[in-house]
Amino acid sequence: MSKSKTVFVCQECGYESARWLGRCPSCNTWSSLQEERLARNPVGGWSHGGYGGQPQPIDEIEVESEERLSTGFGEFDRVLGGGIVPGSLVLVGGDPGIGKSTLLLQAAAHLGREHHVLYVSGEESAQQIKLRATRIDALRAGLSVLAETDLDQVGAAVDRRQPTLMIVDSIQTVHLPELTSAPGSVSQVREGTSRLMRWAKGRGISVFLVGHVTKEGAIAGPRVVEHMVDTVLYFESNRDQSYRVLRSVKNRYGSTNELGVFQMTGGGLTEVTNPSALFLEERPTGAAGSVVVACLEGTRPVLIELQALVSATSFGYPRRVATGLDLNRVALIMAVLEKKVGLSLGNQDAYLKVAGGLRVEEPALDLGIAVAVASSFRERPVSGKLVVMGEVGLAGEVRAITGIDSRLREAEKMGFAACLVPEANRRSLPSGCALEVAGVRTVEEAIALAMEG
């Protein structure tokens with residue numbers, strides 16, 4: 001007879017306890033522990049499975065040179081590191097209705113022309129998926145749809161179909177019958193992901209998992225799921241914009257923090273090959289507080305517009321608001337402007353945002369933030385043909401940044417004429433740059449040059 005064990009599992013971090021606790025000792029979340037009953041296998045010990053391999057000397061391991069599979073989207077392939085790696089496990093998260101299923105269905109349709117693809121849905125019926133596939137022109141003979149939540153039944157379908165790619169939409173809806181906990185619980189999500197990982201590695205099947213996100217924007221379920229997969233992608237969007245941003249935060253087969261931009265249309269998602277033009281198309285001319293900055297997302301340079309509005313406060317304590325930027329970084333830059341440049345910002349409200357709804361976090365934005373705040377405070381606009389980049393130190397110095405070559409090439413391609421860069425970067429510029437590049441050593445020097453004329 002199989003025995004069972006009752007444990008209390010935190011639904012936020014996966015911490016297990018033999019008794020119920022009001023607050024999780026690991027993540028300090030209140031009332032997050034729920035009772036779950038796990039079944040033992042007849043031979044004893046907890047069933048985790050494996051790949052069935054034997055230890056091998058690393059220099060004797062044979063590696064097959066397999067080409068990556070293209071998704072049909074250059075932007076999607078870029079974020080994945082060049083395409084889908086056979087046998088990889090990819091987790092895709094995002095807000096409800098943002099287009100995760102549409103993106104994966106379009107990629108599955110592209111691969112379905114030459115490969116067998118299995119789309120497993122626990123949220124929609126097969127008829128509903130076909131209606132969406134008809135609308136986005138994703139009907140392919142190689143694409144099979146299975147509306148099922150039982151992973152044992154999914155495994156049987158995998159044995160029959162032998163797919164090259166499998167999509168599970170979503171990991172929170174599928175379950176293992178031997179676990180008595182509800183679908184979406186920590187035990188179900190963890191054990192279900194573990195089984196899918198064994199299928200991916202043992203059979204060479206590329207598996208995509210769709211994950212729901214919490215109100216804080218993180219993928220729901222324990223963080224252990226992100227550690228088990230090979231790649232973690234986040235699909236982001238501003239509710240007021242038609243474009244979508246696919247961002248890589250973990251990738252064992254490529255660069256992290258890569259960025260792919262898509263636009264939602266009536267026929268599905270289309271890729272945006274020039275995101276700089278998208279983010280700058282509505283930029284005002286001659287407006288104080290508007291500065292163009294060259295940021296680097298993974299290996300891709302993107303030009304964005306930083307906007308700052310500085311006005312006298314009506315309260316005893318000035319407000320600091322940042323949209324798309326780290327508020328702590330903004331406060332640090334404003335302190336440098338007060339101490340090293342002499343701007344009296346202690347009685348001024350400051351509002352900063354990245355135009356277009358994009359969120360960026362990079363040291364190269366520091367100089368752009370400083371110039372934008374100073375421009376708004378002094379009511380002196382910055383030239384519309386100028387791009388600013390550089391890291392700012394607490395002593396007011398401008399430090400060197402990485403990827404200066406690609407940033408300058410992007411600025412030149414977009415028609416800009418001049419650029420402010422750290423002096424250390426200017427000394428190592430490649431030959432043939434058509435931009436007028438000025439090197440600066442301090443924030444004060446950068447502000448003076450940016451507001452000339």
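None of these values were measured; they are calculated from a predicted model.

**Comments concerning helix α8 (residues 327-341)**
Working step 1: Its 15 residues place the ends of α8 20 Å apart at the C-alpha level, agreeing with the 21 Å of an ideal helix rising 1.5 Å per residue.
Working step 2: The complete set of buried residues in α8 reads V330, I333, M334, V336, L337 and V341. When α8 is viewed along its axis, its buried side chains cluster within an angular range of 155° and face the same direction. Residues of α8 that are exposed and point over 90 degrees away from its buried face: N328 and K339.
Working step 3: Buried residues along α8 sit against β15 (320-323), β16 (348-354), α9 (366-378), β18 (391-392) and α12 (443-450).
Working step 4: One or two residues past the end of α8 sits G342, with phi positive at roughly 90°.

**Quick look at the pattern of salt bridges**
Working step 1: Counted according to the given criterion, the structure contains 16 salt bridges.
Working step 2: With a closest N to O distance of 2.9 Å, E16 and R190 form a salt bridge. With E16 in strand β2 (residues 16-17) and R190 in helix α5 (residues 186-203), the pair connects residues that are 174 residues apart, well separated along the chain.
Working step 3: Its relative accessible area of 38% is what places E16 among the partly exposed residues.
Working step 4: Through salt bridges that share partners, D152, E178 and R195 make up one connected network.

**Focus: the nonpolar core**
Working step 1: Counting 49 residues, the largest nonpolar core has I304, L325 and L337 as its most contacted members.
Working step 2: The residues contacting L325, other than those within four sequence positions of it, are L306, V330, L352, V354, R359, V360, L365 and I369.
Working step 3: Membership of the second largest hydrophobic core comes to 32 residues, among which are I98, L105, A108 and V117.

**Some thoughts on the sheet that holds strand β9 (residues 231-236)**
Working step 1: Read across the sheet, nine strands follow the order β6-β5-β7-β8-β4-β9-β10-β11-β12 without closing on themselves; strand pairing throughout is mixed. Two strands lie at the open edges of the sheet, namely β6 (143-147) and β12 (268-271), each paired on one side alone. Strand after strand, the sheet turns through a mean of 25° between neighbouring axes, direction not considered.
Working step 2: As paired strands, strand β11 (residues 259-265) and β12 are joined by four bridges and run antiparallel to one another. Considered in β12, the bridge of Q263 is made with T270.

About the thresholds
Residues numbered from 1 in each chain as written. Predicted model: local features only at pLDDT ≥ 70, side-chain atom pairs only at ≥ 80, totals over all residues. Heavy atoms only, no water. Helix = DSSP H or I, 4+ residues; strand = E, 2+ residues; numbered from the N terminus. Expected span 1.5 Å × (residues − 1). Buried < 20%, exposed > 50% of the residue type's maximum accessible area, 1.4 Å probe, protein only. Arc of directions from axis to C-beta. Contact = heavy atoms within 4.5 Å. Salt bridge = Lys/Arg side-chain N within 4 Å of Asp/Glu carboxyl O. Core = buried A, V, L, I, M, F, W, Y, C linked by side-chain atoms within 4.5 Å. Pairing = 2+ DSSP bridges. Axes fitted to C-alpha atoms, helices over the stretch in contact; angles between N-to-C directions.

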